[in-house]
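Take a look at the letters that make up each chain.
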Amino acid sequence: MSPEVIPEDRVATATTVPGGKTDRAHSRARAARKRKLGVGAARVLLLVAVLGLWEALSRAKVIDPFNFSMPSKIWDQIYTWVMHGTALGSLGEQIWFTLQEALLGWIIGVIAGVVFGIALGRITLLADILGPYIKVLNSIPRIVLAPIFVIWFGLGPASKVASAVVLVFFPVFFNAFQGAREVDRNLVANARILGASDRRVTLQVVIPSATSWIFTSLHVSFGFALIGAIVGEYIGATKGIGLLVAQSQGTFNAAGVYAAMVILAVVALVAEGLLTFAENRIFRWKPSGSDS
């Protein structure tokens, strides 16, 4: 029996299909890189356009430069603070002071939110008892608590940390609570069949399953922690970025107010980048997208 002769078109198809898949993968990667570069360029152009328009309108007196300032003056203010310091001391000292308060309040708020969220998500009776009180506390505008904390704890860091804690607690709590409620019941049932106690179910099934919910709230909550620290410093403090804002407002220095806002935005973006990096490292097993 003579061997089967494979037609040339089938041979070509058989040899080019694997390479075709590789080429498609490379094409998708190149398209993704081009899109990322395009998005980055569009963001830069948008920022340049907004700042340029702001500068032009201020110089043309279309908008009041005294009240709205202009980007060039804001940059000069930041440069002055960096090179010569502020009236309160070096700029780095003010940033670090505010960052310490925000970080401490963020850590306490996250821990409290996760613990209470998981506990109430797991214990229905506890949720039924405390649920109405949590809703009432959540309905209170928490910014208005900052003056009370200043009265209670004084002008030191404690009042700013307390303000940060109450702002961080609730978003983390509700996400942790929802994450605990959304755990796959089959996983819990299988763990119990294997003899796991309530404690082990919580530690080894519920908390890992709720981790993605908790991380979602961490991105927002650190910004809230910064807000809490800044508001507390604005009301009464001895140093910090919030006090710089208050002093700039008191002297009608609009450039100083905007400069402090720019510094806070940079700090928040750096913190967001670190959180995103940590999340990507922890959730490396999650697929980034479906393969087509």
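All chains use their own residue numbering, which begins from 1 and follows the written sequence. Whole-chain, interface and lining totals are the exception, using all residues; otherwise, since this is a predicted model, local features are given only for residues with pLDDT of at least 70 and side-chain atom pairs are given and counted only at 80 or more. Remark: hydrogens and water are excluded; side-chain values derive from all non-hydrogen atoms of the structure.

Below, the discussion takes up the overall build of the protein chain. In this description a helix means any DSSP run of H or I spanning at least four residues, a strand means any run of E spanning at least two, and both kinds are numbered starting from the N terminus. Helix and strand counts for the protein chain come out as 11 helices and zero strands. Seen in sequence order, the protein chain has helices and strands lined up from the N terminus as α-α-α-α-α-α-α-α-α-α-α. A simple rule labels every residue: compare its accessible area, found with a 1.4 Å probe on the protein chains alone, to the largest value its type can have, and call it buried under 20%, exposed over 50%, or partly exposed in between. Counting across all 292 residues of the protein chain, residues that qualify as buried make up 35%. Pairs of residues are marked as contacts when any of their non-hydrogen atoms sit within 4.5 Å. Sequence-distant contacts, at least 24 apart, represent 74% of the contacts inside the protein chain between residues at least 6 apart.

The next point concerns the packing of aromatic side chains. Any pair of aromatic rings gets described here by the distance separating the centres and the angle formed by the planes. Whether two aromatic rings pair depends on their centres lying within 6.5 Å, for rings of Phe, Tyr and Trp, where Trp uses its six-membered ring; planes under 30 degrees apart make the pair stacked, over 60 edge-to-face, and the rest tilted. In the structure shown here, the tally under the stated rule is 12 aromatic pairs. For the ring pair Trp 106 and Phe 222, a centre distance of 5.8 Å and an interplane angle of 85 degrees mean the geometry is edge-to-face. Placement of the pair is Trp 106 in helix α4 (residues 91–122) and Phe 222 in helix α9 (residues 198–235), with a sequence separation of 116 residues. On the basis of relative accessibility, which here comes to 6%, the residue Phe 222 falls in the buried class. Ring centres of Phe 169 and Phe 170 lie 5.0 Å apart, and the angle between their planes is 85 degrees; on these two criteria the pair is classed as edge-to-face. According to the relative accessible area criterion, Phe 169 is buried, its value standing at 16%. Its relative accessible area of 7% is what places Phe 170 among the buried residues. One aromatic cluster is present, formed by Phe 116, Phe 169, Phe 170, Phe 173, Phe 174 and Phe 177 through successive ring pairs.

Our focus in this paragraph is a nonpolar patch on the surface. Patch membership requires more than 30% relative accessible area and the absence of a salt bridge. Residues of like charge join within 9 Å; the nonpolar side chains Val, Leu, Ile, Met, Phe, Trp and Tyr join within 5 Å. Working definition of accessibility: Shrake-Rupley area with a 1.4 Å probe, residue cover restricted to the visible protein chains. Counted as salt bridges are all cases of a side-chain nitrogen of Lys or Arg within 4 Å of a carboxyl oxygen of Asp or Glu. On the surface, Trp 75, Tyr 79, Val 82 and Met 83 cluster together to form a nonpolar patch covering roughly 490 Å² of accessible area. Examined against the element boundaries, Met 83 turns out to sit in helix α3 (residues 71–84).

In this section: the pattern of salt bridges. In the structure shown here, the tally under the stated rule is two salt bridges. Between Arg 59 and Glu 55 there is a salt bridge, with its nearest N and O atoms 2.7 Å apart. Here Arg 59 and its partner Glu 55 are both found in helix α1 (residues 8–59), four residues apart, which amounts to about one turn of the helix. On the basis of relative accessible area, Arg 59 is assigned to the exposed category, the value being 56%.

The next point concerns the packing of α4 against helix α5 (residues 124–139). Close contact between α4 and α5 brings their axes to 6 Å; oriented N to C, the two are set at 125 degrees. By the angle between their directions, the pair α4 and α5 is classed as oblique. Contacts between α4 and α5 pair Ala 119, Leu 120 and Arg 122 from the former with Thr 124, Leu 126, Ala 127, Leu 130 and Ile 134 from the latter. Note on residue categories: nonpolar means Ala, Val, Leu, Ile, Met, Phe, Trp, Tyr, Cys or Pro, charged means Asp, Glu, Lys or Arg, and polar means any other residue, Gly included. Looking at side-chain class alone, the contact of α4 with α5 contains six nonpolar, one polar and one charged residues. In this description, a line fitted to the C-alpha atoms serves as the axis of each element, helices being fitted only across the stretch in contact, and the angle between N-to-C directions of two axes falls anywhere from 0 to 180 degrees. Orientation labels follow simple angle bins: below 35 degrees gives roughly parallel, above 145 gives roughly antiparallel, 65 to 115 gives roughly perpendicular, and whatever is left gives oblique.

The phi angle at Lys 61 is positive, at roughly 65 degrees, despite the residue not being glycine. Examined against the element boundaries, Lys 61 turns out to sit in the loop between α1 and α2 (65–68). Its identity is not glycine, yet Phe 252 carries a phi of approximately 55 degrees, on the positive side. Along the chain, Phe 252 falls in the loop between α10 (241–250) and α11 (254–282). By relative accessible area, which is 62% here, Phe 252 ends up exposed.

Note on placement: Leu 99 falls in helix α4. Taking the C-alpha atoms as reference points, Leu 99 and Ile 241, separated by 142 residues in sequence, lie 9.2 Å from one another. With residues up to four places along the chain from it excluded, the contact list for Leu 99 reads Phe 222 and Val 267.

With that settled, consider the nonpolar core. Core analysis: the biggest nonpolar cluster contains 24 residues, and Trp 106, Val 110, Ile 118, Leu 218 and Phe 222 have the highest contact counts within it. Mapped by element, the contributors of at least two residues to this core are α4, α7 (157–181), α9 and α11. For this core, the element with the most residues is α9, which contributes nine residues. In this text, buried Ala, Val, Leu, Ile, Met, Phe, Trp, Tyr and Cys residues form a nonpolar core when linked through side-chain atoms within 4.5 Å. Core analysis: the next-biggest nonpolar cluster, separate from the first, contains 13 residues, Ile 74, Ile 78, Leu 244 and Ala 260 among them.

Once that is clear, we can look at α5. An α-helical turn contains 3.6 residues, so a residue and the one three or four places further along point in the same direction. A rise of 1.5 Å per residue sets the reference length of α5, with its 16 residues, at 22 Å; its end C-alpha atoms lie 22 Å apart and thus fit the reference within 8%. In this scheme, the bend at a residue equals the angle between the axes fitted to the seven residues that finish there and the seven that begin there. When the local axis directions of α5 are compared, the greatest deviation, roughly 45 degrees, occurs at Leu 130, which is followed within four positions by the proline Pro 132. Listing the buried residues of α5 in full gives Ala 127, Gly 131 and Ile 134. Expected helix span is given by 1.5 Å per residue-to-residue step, counting one fewer step than there are residues.

Every residue carries a pLDDT, the predictor's confidence in it, which falls somewhere between 0 and 100. Taken as a whole, the protein chain shows an average pLDDT of 80; of its residues, 82% reach a score of 70 or greater. By mean pLDDT, helix α8 (residues 185–193) is the weakest element of the protein chain at 65, and α3 is the strongest at 90. Scored below 50 in pLDDT, residues 8–17 makes two contacts in the model with residues more than four places away or belonging to other chains.

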